[in-house]
Amino acid sequence: MSLTTNERTIILAMWDKIATESEEIGRETLDRLLTVFPQAKTYFPHFDMNSRSAQLRAHGAKVMSAIGDAAKNIDNVSGALARLSEMHAYILRVDPVNFKLLSHCLLVTLATHFPADFTAEAHEAWDKFMSLVSSVLTEKYR
């Protein structure tokens, strides 16, 4: 799956805005994931699940940092996320469906934070980009 030049431009332009709020967006995305898809809590048994917990905020920041790395390396997402792909497949053994669920939660969060920027075209670009990210993160499962 490849992104068009226009989709890459949209991702990078929005990432510049997202980066200024990435910790909060990450926290909100994880909170949304754990609320809407409670089965994901299985992977966080040691976390304080309070929506304002420091653990949720810290992990949300890590998630957004990885998405930022993917955006900054948009021509080599596979290389940018190789270590995370191995860790999630071999060490953490996260069910691959969770990456799609997280992607969906991120799209909803972006739409709420950036309603003017999250046009139908931006939604499509981000959906495609996050599908690429999810695909890369599940490469090692095959």
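We now turn to the structure provided with this report. (Residues numbered from 1 in each chain as written. Predicted model: local features only at pLDDT ≥ 70, side-chain atom pairs only at ≥ 80, totals over all residues. Heavy atoms only, no water.)

### A closer look at the overall build of the chain
- The secondary structure content of the chain amounts to seven helices and zero strands.
- Since a compact globule built from 142 residues should have a radius of gyration of about 14 Å, the 14 Å found for the chain is in line with a globular shape.
- The burial tally for the chain puts 43% of its 142 residues in the buried class.
- The long-range fraction of contacts in the chain, counting pairs at least 24 apart against all pairs at least 6 apart in sequence, stands at 79%.
- Looking at the chain, you have 15 positive and 17 negative side-chain charges, and the mean spots of the two groups are 5 Å apart. (Helix = DSSP H or I, 4+ residues; strand = E, 2+ residues; numbered from the N terminus. Rg over C-alpha atoms; globule rule 2.2 N^0.38 Å. Buried < 20%, exposed > 50% of the residue type's maximum accessible area, 1.4 Å probe, protein only. Contact = heavy atoms within 4.5 Å. Lys, Arg positive; Asp, Glu negative; His and termini not counted. Charge placed at Lys NZ, Arg CZ, Asp CG, Glu CD.)

### A few points about the environment of S2
- Here S2 shows up in the segment before α1 (5-19).
- Among the residues examined, S2 registers a relative accessible area of 52% and is labelled exposed.
- If sequence neighbours within four positions are ignored, S2 has contacts with E7 and K128.

### What about a nonpolar patch on the surface?
- Among the surface-exposed residues, Y90, I91 and L92 lie close enough to one another that they form a single nonpolar patch of about 340 Å² accessible area.
- Relative to the helices and strands, L92 is located in the loop between α5 (82-91) and α6 (97-113). (Patch = residues over 30% accessible without salt bridge, like charges linked within 9 Å, V, L, I, M, F, W, Y side chains within 5 Å. Areas by Shrake-Rupley, 256 points an atom, 1.4 Å probe, with all protein chains shown as cover. Salt bridge = Lys/Arg side-chain N within 4 Å of Asp/Glu carboxyl O.)

### Quick look at the pattern of salt bridges
- Evaluated as defined, the whole model comprises nine salt bridges.
- The partner of R32 in a salt bridge is E28, with the nearest N and O atoms 3.5 Å apart. With R32 and E28 both in helix α2 (residues 22-36) and four residues apart, the pair spans about one turn of that helix.
- Judged by relative accessible area, which is 23%, R32 ranks as partly exposed.
- Of the residues examined, E28 reaches a relative accessible area of 17% and is grouped as buried.

### Section: the environment of A89
- Along the chain, the position of A89 falls in helix α5.
- Residue classification places A89 among the buried residues on the basis of a relative accessible area of 10%.
- Between the C-alpha atom of A89 and that of L56, which follows or precedes it by 33 residues, the distance is 21 Å.

### Describing the nonpolar core
- Ranked by internal contacts, the top residues of the largest apolar core, which has 44 residues, are I18, I67, L81, W126 and F129.
- For this core, the secondary structure elements donating two or more residues are α1, α2, α3 (54-72), α6 and α7 (120-137).
- With nine residues, α7 is the largest single contributor of residues to this core. (Core = buried A, V, L, I, M, F, W, Y, C linked by side-chain atoms within 4.5 Å.)

### So, the side chain of E7
- Relative to the elements of secondary structure, E7 occurs in helix α1.
- A relative accessible area of 10% means that E7 is categorised as buried.
- Residues contacting E7, with those up to four places away along its chain left out, are S2, A125 and K128.

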